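Below are the chains, spelled out letter by letter.
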Amino acid sequence: MKILLTKKVLLPIVYIIIGVIVYNIIKFLMMKISKTKYADRKKKTLISLLKNIIKYLIMIFVVLAILSVYGVDTSALVTSIGVAGVIIGLAFQDMVRDFLAGVLILFDNHYALGDVVTIDGFTGEVVSFGLMTTKLKAANGEGMIIANSAFKKVVNYSINNTVHYINIDVAYDTDIDKLEKCLKEMTPEVEKIDGYIGNYKLLGIQEFATSSIKYMVMLECKSNVRFQVKRDFNKILRKYFNKYKIEIPYTKIDVNIRGKDE
């Protein structure tokens, strides 16, 4: 009786410890694989998903092992779980749809961990991809959890690079040759912008606007930092405009004050 009691107390603890050890080993190996140079975006996302699946499978096996210690017929239980699974599947069709949608998102490569996307008007980085939901984190720290089957369209800014077409407004009396010399001299600093890919080109006069000439330049950058790249470019532009004394057009108001005798 004492031996039986010890068995029922110790074996469940042993099974739990084994389950934790096995999960941590698998988790460690998956993390090592995800950090190799051969692991692309899709593989890293798949590894994250498999890690979640393996965690639940280990939990199920540990629970079944513990129940067998207490004399529960686990084979019959598995069969009944199978029947119950059909009933639950019918009752929770939305969950099933979320799961299937998650599988399609993964294998169709709609997005992966680390991608910057827009879903239902919310733009953020994919920080978690689960069996049924996707978690996004915006640049301002806001988070959003979206069911995988709740949307049909997604804009992914991380698949391709962004080609920036930047209009630069200058005053009408600006010497265009001087402007182009200024923009060319900027090239070494533009190439050092974080996220810059290449193809910095001067395209020429784009438009004669109401109060300015619009001169267009082009550069290619990583999509997820495209806004910051433009801000950094404008900062460099301002510095060189000051150096070359090129005027940035702005609204001017002339105020004429007339005396009483007029």
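None of the values given here were measured: they were computed from a predicted structure.

A.B. asks: Tell me what's going on with the confidence of the model for the protein chain, and back it up with residues and numbers.
C.D. replies: Chain-level statistics for the protein chain give a pLDDT mean of 79 and a share of 77% at 70 or above. When pLDDT is averaged over each helix and strand of the protein chain, the minimum, 56, is found for helix α3 (residues 74–91) and the maximum, 94, for helix α5 (residues 176–185).

A.B. asks: For the packing of aromatic side chains, give the residues involved together with the corresponding values.
C.D. replies: Evaluated as defined, the whole model comprises three aromatic pairs. Relative to F151, the ring of Y111 lies with its centre 6.5 Å away and its plane at 35°, an arrangement referred to as tilted. Here the residue Y111 occupies a position in the loop between α4 (93–107) and β1 (116–119), and F151 occupies one in the loop between β4 (143–147) and β5 (155–156), the gap between them amounting to 40 residues. Taken as a pair, Y111 and F151 share a single burial class, namely buried. Centre to centre, the rings of Y172 and F208 are 6.4 Å apart; their planes meet at 20°, and the pair counts as stacked. Taken together, the residues Y172 in the loop between β6 (162–170) and α5 and F208 in strand β7 (residues 196–208) connect sequence positions 36 residues apart. Its end group placed over the ring of Y157, R226 keeps NZ or CZ at 3.9 Å from the ring centre.

A.B. asks: Give a description of the pairing of strand β8 (residues 213–221) that names residues and reports values.
C.D. replies: Judged by how many residues are buried, β8 sits mostly within the fold: nine of nine residues are covered. Two elements, β6 and β8, share nine bridges in a ladder whose sense is antiparallel. Bridging from a neighbouring strand, V163 pairs with E220 of β8. Joining the antiparallel neighbours β7 and β8 is a turn of four residues.

A.B. asks: If you had to explain the packing of α5 against helix α7 (residues 226–244) to someone new, which residues and values would you point to?
C.D. replies: The interhelical angle for the contact between α5 and α7, taken along N-to-C directions, is 135°, at an axis separation of 10 Å. Between α5 and α7, the angle is such that the two are oblique. Like other packed secondary-structure pairs, α5 and α7 cross with a definite hand, here right-handed. Contacts between α5 and α7 involve K178, L179, K181, C182, L183 and E185 from the first element and L237, Y240, F241, K243 and Y244 from the second. When the residues that make up the contact of α5 with α7 are grouped by side-chain class, the tally is seven nonpolar, no polar and four charged.

A.B. asks: Can you break down α7 residue by residue, with the values?
C.D. replies: Its 19 residues give α7 an end-to-end C-alpha distance of 27 Å, which sits within 8% of 27 Å, the value for a rise of 1.5 Å per residue. By the burial criterion, the buried members of α7 are R226, V229, F233, I236, L237, Y240, F241 and Y244. End-on, the buried residues of α7 take up no more than an arc of 140°, which puts them together on one face. Facing away from the buried surface of α7 by more than 90 degrees, the exposed residues are F227 and K235. Elements in contact with the buried residues of α7: β6, α5, α6 (187–190), β7 and β8. Once α7 ends, the next one or two residues include K245, with phi positive near 55°.

A.B. asks: Before we move on, can you summarise the side chain of N156 with the specific residues and values?
C.D. replies: Its place among the elements puts N156 in strand β5. Exposure remark for N156: the relative accessible area of 17% places this residue in the buried category. Within the structure, the side chain of N156 is placed 2.9 Å from the backbone oxygen of H110, a separation counted as a polar contact. Among the polar contacts listed, one links the side chain of N156 to the side chain of D115, at a separation of 3.1 Å.

Scoring rules and cut-offs
Residues numbered from 1 in each chain as written. Predicted model: local features only at pLDDT ≥ 70, side-chain atom pairs only at ≥ 80, totals over all residues. Heavy atoms only, no water. pLDDT = per-residue confidence, 0-100. Helix = DSSP H or I, 4+ residues; strand = E, 2+ residues; numbered from the N terminus. Phe/Tyr/Trp six-rings, centres within 6.5 Å; stacked < 30°, edge-to-face > 60°. Buried < 20%, exposed > 50% of the residue type's maximum accessible area, 1.4 Å probe, protein only. Lys NZ or Arg CZ within 6 Å of the ring centre and 35° of its normal. Pairing = 2+ DSSP bridges. Axes fitted to C-alpha atoms, helices over the stretch in contact; angles between N-to-C directions. Parallel < 35°, antiparallel > 145°, perpendicular 65-115°, else oblique. Left-handed = near helix turned anticlockwise from the far one by under 90°. Contact = heavy atoms within 4.5 Å. Nonpolar A, V, L, I, M, F, W, Y, C, P; charged D, E, K, R; others polar. Expected span 1.5 Å × (residues − 1). Arc of directions from axis to C-beta. Polar contact = N/O pair within 3.5 Å; in protein donor to acceptor, adjacent residues only side chain to side chain.

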